[in-house]
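# Analysis of the macromolecular model
Each chain, written out:
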Amino acid sequence: MNKKRLAVVAGGWHFPLHFYEQIKNQEIPVGWEVDLFCVSHRNPDLDIIKLEKDEYLSKLDDMKSELDLSNVQRMDVKFYSRLATLEEIKNLGWNYVEELNTIGDWGITNQWLDKNDYRDYDILLFTHDDNFIFNNKLFTTAIFQFNWDDWLVITNGINVGPDVYPVRGSFDFFKKEMLDMIGGKFDLSASTMTRIGKVDTPIDKIEIGDWNYTVRKFGEFIKDNNLNEKIKNLSNTY
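Residues numbered from 1 in each chain as written. Predicted model: local features only at pLDDT ≥ 70, side-chain atom pairs only at ≥ 80, totals over all residues. Heavy atoms only, no water.

## Focus on the environment of Thr155
Turning to its location among the elements, Thr155 is positioned in strand β5 (residues 153–155). Exposure remark for Thr155: the relative accessible area of 0% places this residue in the buried category. Sequence separation of Thr155 and Phe126 is 29 residues, and the distance between their C-alpha atoms is 9.7 Å. For Thr155, the side chain forms a polar contact with the side chain of Asp172, separated by 2.5 Å. (Helix = DSSP H or I, 4+ residues; strand = E, 2+ residues; numbered from the N terminus. Buried < 20%, exposed > 50% of the residue type's maximum accessible area, 1.4 Å probe, protein only. Polar contact = N/O pair within 3.5 Å; in protein donor to acceptor, adjacent residues only side chain to side chain.)

Here is the structure:
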């Protein structure tokens, strides 16, 4: 009996070791195998990454007490306490490549799709590397909480209105059949901005606001093809 296959395609930018270890240490369902890919838009060994995280953690440390920190900030203290080196990422079994810093989100996904055959996999998880994974039940629980024939995408987004597309490209399980339907690549024509050659994280998120449009075409495809019922949510919160 042939095993089913899952690909994890992570966009490399922040490089918390916690993320790369947690994904590596996930329980694998019986009859499945998992391949790990990191498509990076900057080298994890760059000094600027540690400087950015040290500056952020220093601001949190300056707060008066643990009670002053939000839940997200408390997680960030743990999350960024150790950054992964390129060697550590590779030693954990991640297939690492660096690509031009064009468009984030599904721009990274498209770069992976250009060089890999998604049809080799039954499910593909497209994710950023700044998602905090709480336990090792992600592949055994998230994928199988729905009947197999009832979904094409399981996303961490939520549908909060007709003009808000629930699939954000930050953490989404895709069946290969969904990729077949869109032609094996995401339409990113609604976004025009790139950051080729830049390795800093913008302080003002407005600078990369154009990248929010990367989700528009896929959202329109889902709507136009009446596929809303095939898009499932990991949770009722984002």
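Next comes the rest of the account.
## A closer look at the sheet that holds strand β6 (residues 171–175)
Taken in spatial order, the 7 strands of this open sheet run β3-β2-β1-β4-β6-β5-β7, and their pairing is mixed. The sheet is open, and its two borders are formed by β3 (95–98) and β7 (231–233), each paired with just one other strand. Taken pair by pair, the neighbouring strands of this sheet meet at an average axis angle of 20 degrees, ignoring direction. Bridge analysis of β5 against β7 gives 3 bridges, and the strand direction is parallel. Each bridged residue has a counterpart across the sheet, and for Val153 the counterpart in β7 is Ile231. (Pairing = 2+ DSSP bridges. Axes fitted to C-alpha atoms, helices over the stretch in contact; angles between N-to-C directions.)

## Quick notes on helix α1 (residues 17–24)
For α1, a buried count of 6 out of 8 residues is recorded, marking the element as mostly surrounded by other parts of the structure. Burial in α1 covers these residues: Leu17, His18, Phe19, Tyr20, Gln22 and Ile23.

## Considering helix α2 (residues 47–61)
For an α-helix, the turn length of 3.6 residues means that residues three or four places apart are oriented alike. With 15 residues, α2 should reach 21 Å at 1.5 Å per residue; the first-to-last C-alpha distance of 21 Å fits that figure. Those residues of α2 that are buried are in contact with α3 (71–79). (Expected span 1.5 Å × (residues − 1). Contact = heavy atoms within 4.5 Å.)

## Let's talk about the nonpolar core
Core analysis: the largest hydrophobic core is formed by 36 residues, its most contacted members being Tyr20, Ile23, Trp94, Leu138, Phe139 and Phe173. Looking at this core, the elements with two or more residues in it are β1 (4–12), α1, β2 (32–40), α2, α4 (86–91), β4 (123–128), α6 (138–142) and β6. (Core = buried A, V, L, I, M, F, W, Y, C linked by side-chain atoms within 4.5 Å.)

## Points about unusual backbone geometry
Although it is not a glycine, Phe15 adopts a positive phi angle of roughly 65 degrees. Its location among the elements puts Phe15 in the loop between β1 and α1. The exposure class of Phe15 is buried, given its relative accessible area of 0%. We note that Asn226 has phi near 55 degrees; this positive angle belongs to a residue other than glycine. By the secondary structure assignment, Asn226 is in the loop between α8 (216–224) and β7. The class of Asn226 is exposed, set by a relative accessible area of 67%.

## Considerations on the side chain of Arg42
In this structure, Arg42 sits in the loop between β2 and α2. Within the structure, the side chain of Arg42 is placed 3.4 Å from the side chain of Thr201, a separation counted as a polar contact. Look past the residues within four positions of Arg42 in its chain and what remains in contact with it is Gly12, Trp13, Phe15, Ile48, Ile49, Glu52, Tyr96, Val199, Asp200 and Thr201.

## Focus on the pattern of salt bridges
On inspection of all chains with the given rule, the structure shows 12 salt bridges. In this structure, Arg42 engages Glu52 in a salt bridge whose closest nitrogen and oxygen atoms are separated by 3.1 Å. Note that Arg42 is positioned in the loop between β2 and α2 and Glu52 in helix α2, a separation of 10 residues in sequence. Comparing Arg42 with Glu52, the two get one shared label, buried. Note that Arg195 is salt-bridged to Glu207, the shortest N-O span being 3.3 Å. One end of the pair, Arg195, is in the loop between α7 (176–181) and α8; the other, Glu207, is in the loop between α7 and α8, with 12 residues separating them in the sequence. On the basis of relative accessible area, Glu207 is assigned to the partly exposed category, the value being 35%. Bridged by salt links that share partners, the residues Arg5, Glu33 and Asp35 form one connected network. (Salt bridge = Lys/Arg side-chain N within 4 Å of Asp/Glu carboxyl O.)

Interpretation note: all reported values are geometric properties and have no functional meaning in isolation.
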